[in-house]
Amino acid sequence: MKYVVVIGDGMADLPLKELDGETPLQKAHTPNMDFIAKNGSCGLLKTVPEGMGPGSDVANLSIMGYNPKKYYTGRGPLEAASIGAELSDSDVGFRCNFITEEEGILADFNAGHISTAEASQLIEALNQSFYRYGKFYLGTSYRHLFVYNDSGSAALKSTPPHDVVGEPISEHLLKPENDPLSTKLNELMCKSSDVLLKHPVNKKRIDEGKKPANMIWLWGQGTKPQMTPFVDNYGLKGATITGVDLIKGIGKYLGLTNVRVPGATGYYDTDYCGKVNFALEALENHDLVFIHVEAPDEAGHAGDIQEKIMAIERIDRRILGKLLEELPSRGDYAIAILPDHPTPIDIRTHTSDPIPYAVYSPGCESDETESYNEKAVENSSKKLMEGYQFLKYFIQYSGRKIQ
């Protein structure tokens, strides 16, 4: 039996007046998602537990079958695992964004999607200037890591930069304001502008009319988590396909194989066909593959309706279409499609609202839901499920028992 879970990050949304009261999922042409919904089983999933922030870290940990209330310590340490930063017990890993600051305002949370090649030069400059504070690690594009050796900093309150675009930076720095740890790290963030703004990379970006990466933003911090291996929990050998370090980091902690896809960028231009081809290859010696696509989430953050619709349609056509064509020749299989959380166009950030899922395995239970979208799935008779229970349900849906 082979299992594939396709995650369209941030794919769910709210009705939009620009789409005559429909969501991007409703407006998009998605015959393969609709096939799975109509011939399989649908329902709603609560991927973000009460009291937790609606981040992709929490939501994807849920989808992969782990209760965030038990296993989650922060986003930073998850990404650390992906990029090769070994955390000691006293280390705290912070997600480190390159942002664009304009007159005290957080103007762009991703610095115009700076390239990894440009970012690598800036990370080197930060390490040369601020080695007394801690160590910076290169990630991908605007997403990087900072490691600080004081476990007390894990308790500071931080804010995701994509939640406060257009707002004053001074109002959203690390808190509490008078704490020695937050004072020192806030000083680091503010001082980073002195190094970054005069760097040749940013001078060139400004000359070319691009947004400069003229400040860092520290957030999502935490200590190294302890997780039970995936194979011990589910009896399956698993793999991940993604362009995002966060998902790779979760995969590493769970003992999953992180399959590298050369064209997986974590952006609109990601190689959808490459992802599905590598996933099919991985199924030769793995039982389950998670295919994660970041593009709908990026479109949600940008408030770009058409880009979000196109991303959904590419997932449907290039990934699900290929899977539904190829999997029947490989024996018994089950497939799932779902987002991790909504990223509504109107608010440009994540919410903790329940998300729609659909699962299909030939010959198994069918709800005969007509299509796959938020509204259609709302009518399912299925009880609202906690996110971390989904994977067990999905595996058992196809007839396999989990001890």
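In this text the structure is predicted, and so the values were computed from the model without any measurement. (Residues numbered from 1 in each chain as written. Predicted model: local features only at pLDDT ≥ 70, side-chain atom pairs only at ≥ 80, totals over all residues. Heavy atoms only, no water.)

Caption draft 1: Region of the structure containing the packing of aromatic side chains. Evaluated as defined, the whole model comprises 17 aromatic pairs. Both rings, one in F94 and one in F146, keep their centres 6.4 Å apart while their planes meet at 50°; by these two values the pair is tilted. Of this pair, F94 sits in strand β3 (residues 92-102) while F146 sits in strand β6 (residues 143-148), and the two are 52 residues apart along the sequence. With respect to burial, F94 and F146 carry one shared label: buried. (Phe/Tyr/Trp six-rings, centres within 6.5 Å; stacked < 30°, edge-to-face > 60°. Helix = DSSP H or I, 4+ residues; strand = E, 2+ residues; numbered from the N terminus. Buried < 20%, exposed > 50% of the residue type's maximum accessible area, 1.4 Å probe, protein only.)

Caption draft 2: Quick peek at empty space enclosed by the protein. Applying the stated rule across the entire model yields two cavities of 30 Å³ or more. Along the walls of the largest cavity sit 14 residues, with R75, Y142, H162, E294 and D297 positioned nearest its centre. At the level of secondary structure, the elements contributing two or more residues to the lining of the largest cavity comprise β3 and α12 (295-302). Broken down by element, the residue count for the lining of the largest cavity peaks at three residues, all from α12. Among the residues forming the lining of the largest cavity, the class breakdown is three nonpolar, five polar and six charged. Size it by volume and the second largest cavity reaches roughly 40 Å³. Around the second largest cavity sit D9, S56, R75, R143, V244, L246, I247, H292 and E294, which together line it. Looking at the lining of the second largest cavity residue by residue, the classes come out as three nonpolar, two polar and four charged. (1 Å grid on protein atoms, 1.4 Å probe; cavity = no way out; pocket = protein on both sides within 12 Å on 5 of 7 lines; lining within 4 Å. Points joined across faces, edges and corners; volume = space filled by probe spheres on them. Nonpolar A, V, L, I, M, F, W, Y, C, P; charged D, E, K, R; others polar.)

Caption draft 3: Up close: the state of the cysteines. A complete count under the given rule lists zero disulfides for this structure. The thiol of C364 is unpaired, and the distance to the nearest cysteine sulfur, on C42, comes to 14 Å. (Disulfide = S-S within 2.5 Å.)

Caption draft 4: The arrangement of the side chain of S141 in detail. Mapped onto the elements of the fold, S141 is located in the loop between β5 (135-140) and β6. Not counting residues within four places of it along the chain, the set of residues in contact with S141 comprises H113, I114, S115, T116 and A119. (Contact = heavy atoms within 4.5 Å.)

Caption draft 5: Looking closely at the layout of surface pockets. By volume, the largest pocket is sized at about 480 Å³. What lines the largest pocket is a set of 25 residues, and nearest its centre among them are G53, D57, Y72, S158 and P160. Among the secondary structure elements, those contributing two or more residues to the lining of the largest pocket are α3 (56-63) and β7 (215-222). Contributing to the lining of the second largest pocket are 20 residues, with F109, V165, H301, A302 and R348 lying nearest its centre. Contributions of two or more residues to the lining of the second largest pocket are made by β4 (105-108) and α12. At three residues, α12 tops the list of elements feeding residues into the lining of the second largest pocket. Of the residues in the lining of the second largest pocket, the class split is eight nonpolar, six polar and six charged.

Caption draft 6: Fine view of the side chain of R205. In this structure, R205 sits in helix α8 (residues 200-207). Only 3.0 Å separates the side chain of R205 from the backbone oxygen of A111, close enough to count as a polar contact. Beyond its immediate chain neighbours, meaning those up to four positions away, R205 contacts A111, G112, I114, E118, K210, K211 and P212. (Polar contact = N/O pair within 3.5 Å; in protein donor to acceptor, adjacent residues only side chain to side chain.)

Caption draft 7: The arrangement of the packing of α12 against helix α13 (residues 305-326) in detail. One way to put it is that α12 packs onto α13 with a least axis distance of 8 Å and a crossing angle of 170°. The pairing of α12 with α13 is recorded here as roughly antiparallel in orientation. Where α12 abuts α13, its residues A295, P296, A299 and G300 lie against E307, K308, A311 and I315. In the contact of α12 with α13, the residues fall into five nonpolar, one polar and two charged. (Axes fitted to C-alpha atoms, helices over the stretch in contact; angles between N-to-C directions. Parallel < 35°, antiparallel > 145°, perpendicular 65-115°, else oblique.)

Caption draft 8: Broad picture of the nonpolar core. Residues F230, L323, I337, L338, Y372 and F390 are the most contacted members of the largest nonpolar core, which totals 83 residues. Top contributing element to this core by residue count: α13, with nine residues. Of all hydrophobic cores here, the second largest spans 38 residues; its members include I114, V164, I169 and V195. (Core = buried A, V, L, I, M, F, W, Y, C linked by side-chain atoms within 4.5 Å.)

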